[in-house]
Amino acid sequence: MSQAHQLDKFEAADFINRTHKPIPRSYGDALLAAAKKDERIVALTADLATPTETDIFRDELPERYHNVGIAEANMIGLASGMARAGEIPFVHTFCSFATKRCYDQITMQAAYPNLPIKIVGFLPGVATLLGVSHQAIEDVAIMRAIPNLVVLDPSGPEYHASAVDAALAHDGPVYIRLKRPETPPENDIVPKELRKGEGILAREGGDLTIIAAGLSVTEALAAADRLAADGIEASVVDMASIKPLDAGLVIDRAKATGAIVTAENHSVIGGLGSAVAEVLCDAGIGLPFKRVGLADRFAEGGSTPYLMKKYGLDSTAIIKAARDVFGKKG
Amino acid sequence: MSQADNPKRNIAELESIAAKLRLRVAEMVAPTGQGYVQQGLGSADIFTALYFAEARVDPGNPDWEDRDRVFLTTAHNTAIFYAALAERGFFETGRLSTYCEDGSPLEINASERMGRFVEATCGSLGQGLSVAVGAALAAKRQGRPTRCYVVLGDGEMQEGQVWEALMSAGAWGLDNLCVILDFNEMQCEGHMDNVVSLRPVADKLESFGFAVHDIDGNDMASILNALDAARETKGKPTFINAKTLVGKGVPALEGFMAHQLMFPPEVAENAIAVLKENLS
Amino acid sequence: MLLEGETTFDGAPFDGISFDLCSRRKDVVMVSADLSKYTQIIRVKEELPDQHLDVGMAEQNLISVAAGVAKAGFVPVATTFAVYATRRAYDQMVICMGTSPHTSIVVGFTPGIANPARIHHQAAEDLGMLRSVPNATVIDPMDVTDFKQALDVAVDLPGLVYMRGHRGNTPRLLDPQKFKFELGRTYRLRSGSGTGIIATGHATQWALEASGILEDRGIDHSLLHVPTIKPVDETGLADFCFAHDRIVTIENHQIVTGLGSLVAEVVSDVGGGPRITRLGVPGSWAPGGTLPYIREQLGLDAAGLADRIREAGR
Amino acid sequence: MSTGSNSRVPDLEILAAKIRRNTLDICMQRGGYAGQGVALADIAACLYFDELRTDGKGWFHDRFVLSNGHDAIMTYAALAEHGSYTLEELRTYNADGTKIDQSPIEGQLGFEITAGSLGQGPSQAAGIAWAERQRGTDKRIYCLFSDGELQEGNVWEAAMFAAHQKLSNLVYIIDNNDLQASGATTNVMSVEPVPEKFEAFGFFARRVDGNSVTEVLDAFEEAKSVAGKPYVMVCDTRIFVGIDCLREALPMAHYVAQNAADWEAGLAEIDAKVAALTGEA
């Protein structure tokens, strides 16, 4: 059923790795380790083993690995059948296809029956060379609207192992949007913890709060550093759990700092920014607020730093928004 | 599982069960006129064969892990489905009268809130087969004797996902999967050949790696033979192309292409009378 | 701009709207995925067969074929249930239509809870899905008049236009003599102070019912109809919000990502602003059944809404 | 079967060699889908320089729909010979900020649809074919997609529709290279027998050596003679066919990183081939 077909070594240079040097597979290793402990875990992919770091799973546990071909809708259905038979399927493809291509199947066959299907997407937001068809700039918006589904957007590889744990800890469907580094990291990756429903206060400051998720967290922290140099102290929240959202932390920070900027590698419509706006409006908290994200347009392909800069998602854009809301506080 | 639950092959007995289920279908739909009469009457023999002769299921223990799984992917064909389940003992026959009532779990499209005997919620057409393929694959890996049966609609085969699932089942050689096509030639817009034709069915399925049987889906012996052959086929999934007649059993309704027939009271009355007569 | 007197109904509004459009515009093609009867384009199918195309029960194909038809010089109007157009063929809508300059219209019928067959036929997330597609136009008309006029505007818009449709007994509420659909414009149906109600699509009908009850009870309020979800007149929307003490949004949709979120975004962008209570499908699955039954279960029936609006105002 | 097209063969083989060379030239800058571009060179030469009729204004009368985004390299390499792009601009392929996207969007010269989300081209091509027929034009519609895309259900929806509508102005060209992102298609999820599947779906199907100019031309010719049905040519190709040193080094390369191949050796080989072909011609 599964094949241990070894790809040519040159193909290690997949769509994501820009260096042709080995890149640590924080997610792939964590999944394999979890699977070795839990018999029920199976992995599926729609033709994307290496780019989703599941080639190691394929090679080590071939009888629990299924490459279903380029057929995402079928993959979700298969996972559903497996979950109904007592397995815990992790399905893998790019974020764009893991959501837009099989949304009905996710709703019907994973979320409605509340099955433990873990949908793991790679290439979140604009972060891909592969252009518009591979960009998931609306995945958070559409996945957030599905009842029962948990949405996690970890900020870096140090959280990937924890994301696997959090996904397993939730007895139901989970969507995880992951970004593999494009180049080998300079330092060793030290695992950190994230939890469903909890934001991480990554930096504390009293002048405003930047609530960020995924790739935008690094940018937010860089922005906070530069703002601090000018005497503006920003709190930074890593909102890895976009759904359920840590509303308590949002309200707490809103009250403590009086101004909020959201930052996300996603369209400004429907994603983290909207989720935070909903919480604030529900609570009747009116304050200076700004959403940093992709400004309702399609992006092209390119390197991640290039795209983050070009589309106004980087620290410079966050600083501008932060100054703006800080100024409005009066 | 007791011997009494094991496959029975008494054709006369099965035909009389099918006749009873047909009557139930008409009775369930008659009060409101809502429900799928034509499809239910047409596929009564398939459901009878599946639930009363073929599938290893246990109404006393619907969660039984080694059970065979029956997937109704044409989830709107519920009148016959519920009638068969009730008759088989999965729930009280009396509950059939709540069919399509607000708040009743016997909804027009079957959903899992009914209980584990609804193996998947399938009202969005074309999805159930993938779920069944996944379950069949899992059963293989777990070494279970489980067989997966899928009742598929012909119109539904226009959905691309069905072909994704067929391709994977064929490529993986899932001989514990048996797909039964309720080939009634009818879809919303009418006769399927006027919408987008599926023909030739057998050629398509053979090219996707299935063992194919073309049968009369209203002939009990043919259905049983095909199911037997499916069980004996190794290394390939089976596809039973069961030609059925919509409205079967009520002459006034036979062959009448109405996807969502509003069942007029006088027609219902006549149908019930005819079906009662057949029974006795 | 509302019609006075007893409300009248059109039993199959799109049959007339689509036939009228296709008769005037020979470049328009109605495309169906086996649901011509259920989306009510039977007159076109029978009387203008050259302007009707059925792709069978294959919604991804429906959207992609329609996109191809657009690329060859026609204006396709792809029709199916909202749930299938969006959940089933979302990627095709984004890529084949959303990235194209050619006019491609998708009309999704029985949106939100307007379908008795619960989850698999109910599209309570479609507005949010389409709102997040760059450049897309998203319209949720409230009645026959709104629907007809919006479609007339849509056929001349570039790119992807997603519109929610009405079928079956649809009320005529707006006066075609006085109402003129303009893209992005918002319409004030009741003027008052205190609570500002913002609604769209089917929910504007419900809001009108609730408004009647509130009026009888002497509760001051305004009602704003927002047929265009995208692009919307953000300034007008914000002005309306800031002119009221509190805002209640009502939509035939999940309370996340749709109209409620749109209003929350617009208000937050300005900063400050009133409390916003979002009413709709509350982050769970709606039940199946008749529309009155589902509305009641979700507190979206006229009395339930009136109570909740009053409650929000306290 | 011969259709008298043989006189054109040597010229097209030269063009194919040049397209191969252009592919390497473009991909060696920053990496790319070189193997596919090289393998599709013969089909590209036949398509752009023989089969597609010109509109007399420097472009084409017939329409070509590319479904598989990464095969865009084929179109770029061919249009460089056609003169629609310069090699200089194409060398920015894969660079930040370039207009030469790896996977182009609709409106980019040479691209009718936004490709890259697999399996959507065949439907759009069928829609175009239906609409062109409806408008009464004589345009023929060609759609290239890959064997891996056959795993997408959308393709079978399209096939069923195209056959039902008897779209005889539609030709599907399948790049049957037995390679997809995660390995050999046969191993991942076998799609064979491809011609039998399409025949069962109502097409006139023919298996073709996609690297034989003669066979490709014959198939294009045959497609025009088939009435009442769409036509599919299942073109067997293999990555890097025509440049032996790269073919040997990278037999399974779905994507080739810039520093993963000996581009100079490849160029030397193809330059020698071009010289030999033009010398003989």
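In case you missed it, the structure is sitting above this.
From a predicted model like this one, the values you see are computed outputs, not experimental measurements. (Residues numbered from 1 in each chain as written. Chains lettered and ligands numbered in written order. Predicted model: local features only at pLDDT ≥ 70, side-chain atom pairs only at ≥ 80, totals over all residues. Heavy atoms only, no water.)

So, on to the overall build of chain B. Within chain B one finds 10 helices and seven strands. In summary, chain B has a C-alpha radius of gyration of 17 Å against a globular reference of 19 Å for 280 residues, a match within 12%. Within chain B, the proportion of its 280 residues that are buried is 65%. Partitioning the intrachain contacts of chain B with sequence separation of at least 6 by distance along the chain shows that 77% fall at a separation of at least 24. Accessible area of chain B: about 8,800 Å², with a carbon and sulfur share of 48%. Placing the 24 positive and 38 negative side-chain charges of chain B at their respective mean positions leaves the two points 6 Å apart. (Helix = DSSP H or I, 4+ residues; strand = E, 2+ residues; numbered from the N terminus. Rg over C-alpha atoms; globule rule 2.2 N^0.38 Å. Buried < 20%, exposed > 50% of the residue type's maximum accessible area, 1.4 Å probe, protein only. Contact = heavy atoms within 4.5 Å. Areas by Shrake-Rupley, 256 points an atom, 1.4 Å probe, with all protein chains shown as cover. Lys, Arg positive; Asp, Glu negative; His and termini not counted. Charge placed at Lys NZ, Arg CZ, Asp CG, Glu CD.)

With that out of the way, let us pick up the overall build of chain A. In terms of regular secondary structure, chain A is built from 12 helices and 12 strands. Its C-alpha atoms give chain A a radius of gyration of 19 Å, within 12% of the compact-globule value 20 Å for 330 residues. By its C-alpha atoms, chain A is 65 × 40 × 35 Å across when sized along the principal axes. In chain A, buried positions account for 72% of the 330 residues. A total of about 9,500 Å² of accessible surface is found on chain A, and carbon and sulfur atoms cover 51% of it. Positive and negative side-chain charges of chain A, numbering 34 and 42 respectively, have mean locations separated by a distance of 4 Å.

Take the interface of chain A and chain C next. Taken together, the contact pairs 42 residues of chain A with 40 residues of chain C. Between chain A and chain C, the buried area comes to about 3,600 Å², and carbon and sulfur atoms account for 58% of it. The interface formed by chain A and chain C contains eight salt bridges. Here Arg87(C) makes a salt bridge to Asp104(A), at a shortest N to O gap of 2.7 Å. Contributions of two or more residues to the side of chain A that touches chain C are made by helix 4 (95–99), helix 5 (103–111), helix 6 (139–144), helix 10 (272–283) and strand 12 (289–294) of chain A. (Buried area = accessible area lost by both parts, 1.4 Å probe. Salt bridge = Lys/Arg side-chain N within 4 Å of Asp/Glu carboxyl O.)

What follows covers the side chain of His225(C). Looking at the secondary structure, you find His225(C) in strand 11 (residues 221–225). In terms of polar contacts, His225(C) uses its side chain to reach the side chain of Thr204(C), at 2.8 Å. (Polar contact = N/O pair within 3.5 Å; in protein donor to acceptor, adjacent residues only side chain to side chain.)

Residues and elements named next belong to chain A. With mixed pairing, seven strands are arranged side by side in an open sheet as 2-1-3-4-6-5-10. Since the sheet does not close on itself, it has two edges, and those belong to strand 2 (65–67) and strand 10 (241–243), each with one partner. Averaged over all neighbouring strand pairs, the angle between strand axes comes to 20°, with direction disregarded. As paired strands, strand 5 (residues 150–152) and strand 6 (residues 174–178) are joined by three bridges and run parallel to one another. Of the residues in strand 6, the one forming a bridge with Val151 is Tyr175. (Pairing = 2+ DSSP bridges. Axes fitted to C-alpha atoms, helices over the stretch in contact; angles between N-to-C directions.)

Moving on, we come to the interface of chain A and chain D. Counting from both sides, the interface comprises 33 residues of chain A and, opposite them, 37 residues of chain D. Buried surface at the junction of chain A and chain D, both sides included, amounts to about 2,800 Å², of which 50% is carbon and sulfur. For the pair chain A and chain D, the interface holds one salt bridge. Across the pair Glu152(D) and Arg101(A) runs a salt bridge whose closest N-O atoms are separated by 3.5 Å. Between the two partners, chain A and chain D, sit eight residue pairs in polar contact (both at pLDDT 80 or more). Of the residues assigned to the side of chain A that touches chain D, the class counts are 14 nonpolar, 11 polar and eight charged. (Nonpolar A, V, L, I, M, F, W, Y, C, P; charged D, E, K, R; others polar.)

With that out of the way, let us pick up the nonpolar core. The biggest cluster of nonpolar side chains holds 250 residues, and the ones touching the most others in it are Trp163(B), Leu177(B), Tyr172(D) and Phe198(D). Split by domain, the residues of this core number at least three in each of domain 1 (9–172) and domain 2 (187–308) of chain C. Residue contacts for Trp163(B): discarding those within four places in its chain leaves Met157(B), Leu198(B), Lys204(B), Leu205(B), Phe208(B), Trp156(D), Met160(D) and Phe201(D). In terms of nonpolar packing, the next biggest core, distinct from the first, is built from 106 residues, Ala30(A), Ala240(A), Leu40(D) and Leu217(D) among them. (Core = buried A, V, L, I, M, F, W, Y, C linked by side-chain atoms within 4.5 Å. Domains from an automatic or database assignment.)

Moving on: the sheet that holds strand 1 (residues 63–66) of chain D. Residues and elements named next belong to chain D. Spatial strand order, 1-2-3-5-4: five strands in an open sheet with parallel pairing. Of all strands in the sheet, those with a lone pairing partner are strand 1 and strand 4 (204–209), marking the two edges. Strand-to-strand, the axes of this sheet are offset by a mean angle of 20°, without reference to chain direction. Sheet topology note: the strand 3 (residues 170–176)/strand 5 (residues 231–236) ladder contains six bridges and is parallel. Residue pairing across strands places Ile174 opposite Val234, the latter belonging to strand 5.

This part takes up the pairing of strand 4 of chain D. Residue and element names in this part refer to chain D. Here strand 4 pairs with strand 5 via six bridges, running parallel. In the strand pairing of strand 5, Arg206 is matched with Met233. The parallel pair strand 4 and strand 5 is bridged by helix 10 (residues 213–225), and the resulting crossover is right-handed. (Right-handed = clockwise from strand over helix to strand, strands pointing away.)

With that settled, consider the pairing of strand 4 (residues 118–122) of chain A. All names here are of chain A. Of all five residues in strand 4, five are buried, a share of seventy percent or more. Residues Lys118, Val120 and Phe122 point to one face of strand 4 and Ile119 and Gly121 to the other, with burial holding for every one of them. Strand direction decides the pairing type here: strand 3 (residues 88–94) and strand 4, joined by five bridges, are parallel. Counterpart to Val91 in the pairing with strand 4 is Ile119.

Attention now moves to the packing of helix 3 (residues 59–71) of chain C against helix 7 (residues 153–164) of chain D. Where helix 3 of chain C contacts helix 7 of chain D, the axes come no closer than 9 Å and their chain directions differ by 70°. For the element pair helix 3 of chain C / helix 7 of chain D, the angle class is roughly perpendicular. Crossing angle aside, the handedness with which helix 3 of chain C passes helix 7 of chain D is right-handed. Contacts between helix 3 of chain C and helix 7 of chain D pair Glu59(C), Gln60(C), Asn61(C), Ser64(C) and Val65(C) from the former with Asn154(D), Glu157(D), Ala158(D) and Phe161(D) from the latter. (Parallel < 35°, antiparallel > 145°, perpendicular 65-115°, else oblique. Left-handed = near helix turned anticlockwise from the far one by under 90°.)

Next up on the list: the packing of aromatic side chains. Per the counting criterion, the structure on display carries 36 aromatic pairs over all chains. Here Phe208(B) and Trp156(D) contribute two aromatic rings whose centre-to-centre distance is 5.2 Å and whose plane-to-plane angle is 75°, an arrangement assigned as edge-to-face. With one member in each of two chains, Phe208(B) in the loop between helix 8 (201–207) and strand 6 (211–216) and Trp156(D) in helix 7 form a pair that bridges those chains. Each member of the pair Phe208(B) and Trp156(D) is classed as buried. For Phe208(B), a relative accessible area of 3% translates into the label buried. The structure contains a cluster of three or more aromatic residues connected by ring pairs, namely Phe47(B), Tyr51(B), Phe81(B), Tyr82(B), Phe90(B), Phe91(B), Tyr99(B) and Phe117(B). For Lys204(B), the ring lying beneath its charged end belongs to Phe201(D), and the centroid distance is 4.9 Å. (Phe/Tyr/Trp six-rings, centres within 6.5 Å; stacked < 30°, edge-to-face > 60°. Lys NZ or Arg CZ within 6 Å of the ring centre and 35° of its normal.)

Another point: the packing of helix 3 (residues 44–54) of chain B against helix 9 (residues 220–232) of chain B. Think of two packed helices as two axes; the pair is described by the angle between the axes and how far apart they sit. All names here are of chain B. Running from N to C, helix 3 and helix 9 point in directions that differ by 55°, and their axes come no closer than 10 Å. Taken together, the axes of helix 3 and helix 9 lie oblique to each other. Of the two possible hands of crossing, helix 3 and helix 9 adopt the one that is right-handed. Along its contact with helix 3, which presents Asp45, Ile46, Thr48, Ala49, Ala53 and Glu54, the element helix 9 presents Met220, Ile223, Leu224, Leu227 and Arg231.

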